[in-house]
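Architecture at a glance
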Amino acid sequence: AAAPPARTAPSALTAPPMLTAPFELTVPSVLTALRDALLGTVVATEVVKALLAIGTPLSGSVVGYDPTTASVTRTAAVARPDCGCRDR
């Protein structure tokens, strides 16, 4: 197997690397606030939808936003078979 790429120290304009499966994404610090605001809005919208019992919930999904390309991804999330959360 190939060795993972070497990590470099973040510059003043780059947020520390954030590990996001299945790839590593580095977001410039000037865009992290935009990413966080968008994802915060998505969470708030999900709360309102749940309270009003409207729309299709995003439960069972992981939503990601890459502000460098303005792309939103939705990935199905399934608990591992050995996870204790399955017993609840």
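I will try to describe carefully the structure that is included in this document. A quick note: this is a predicted structure, and the numbers were derived from the prediction, not measured. (Residues numbered from 1 in each chain as written. Predicted model: local features only at pLDDT ≥ 70, side-chain atom pairs only at ≥ 80, totals over all residues. Heavy atoms only, no water.)

On the surface, a cluster of nonpolar side chains totalling about 590 Å² of accessible area is made up of Val 43, Val 47, Val 48, Leu 51, Leu 52 and Ile 54. The residue Ile 54 is located in the loop between α1 (29-52) and β3 (61-66) in this model. A residue is classified by how much of its surface remains accessible, and Ile 54, at 46% relative accessible area, is partly exposed. (Patch = residues over 30% accessible without salt bridge, like charges linked within 9 Å, V, L, I, M, F, W, Y side chains within 5 Å. Areas by Shrake-Rupley, 256 points an atom, 1.4 Å probe, with all protein chains shown as cover. Salt bridge = Lys/Arg side-chain N within 4 Å of Asp/Glu carboxyl O. Helix = DSSP H or I, 4+ residues; strand = E, 2+ residues; numbered from the N terminus. Buried < 20%, exposed > 50% of the residue type's maximum accessible area, 1.4 Å probe, protein only.)

Let us now look at the pairing of β3. Where β3 and strand β4 (residues 71-76) come together, 6 bridges link them in antiparallel fashion. Looking at the pairing, Gly 64 lines up with Thr 73 of β4. As consecutive antiparallel partners, β3 and β4 are separated by 4 residues, and within that stretch Ala 70 has a phi angle of approximately 55 degrees, a positive value. (Pairing = 2+ DSSP bridges.)

Turning next to the pattern of salt bridges. Counted according to the given criterion, the structure contains 3 salt bridges. Of the charged contacts, one joins Asp 36 and Arg 35 as a salt bridge, the two residues approaching to 3.0 Å between their closest N and O atoms. For Arg 35, a relative accessible area of 12% corresponds to the buried category. Between Glu 46 and Lys 49 there is a salt bridge whose closest N-O contact spans 2.7 Å. Of this pair, Glu 46 and Lys 49 both sit in helix α1, 3 residues apart, which is roughly one turn of the helix. Note on Lys 49: relative accessible area 18%, which makes it buried.

Compared with the 34 Å implied by 1.5 Å per residue over 24 residues, the 35 Å span of α1 between its first and last C-alpha is a close match. Of the residues making up α1, those classed as buried are Thr 32, Arg 35, Glu 46 and Lys 49. Phi turns positive one or two residues past the end of α1, at Ala 53, with a value near 55 degrees. (Expected span 1.5 Å × (residues − 1).)

In this section: the environment of Leu 39. By secondary structure assignment, the location of Leu 39 is in helix α1. Sequence separation between Leu 39 and Val 63 is 24 residues, and the spatial gap between their C-alpha atoms is 8.0 Å. Contacts of Leu 39, omitting those with residues within four sequence positions, involve Val 63 and Tyr 65. (Contact = heavy atoms within 4.5 Å.)

This part covers the environment of Leu 34. In this structure, Leu 34 sits in helix α1. Judged by its relative accessible area of 52%, Leu 34 falls in the exposed class. The spatial distance from the C-alpha of Leu 34 to the C-alpha of Asp 66 is 9.7 Å, given a sequence separation of 32 residues.

Moving on: unusual backbone geometry. Positive phi is not limited to glycine here, since Ala 53 has a value of about 55 degrees. Its identity is not glycine, yet Ala 70 carries a phi of approximately 55 degrees, on the positive side. On the secondary structure map, Ala 70 appears in the loop between β3 and β4. Residue Ala 70 is classed as exposed on the basis of its relative accessible area, which comes to 56%.

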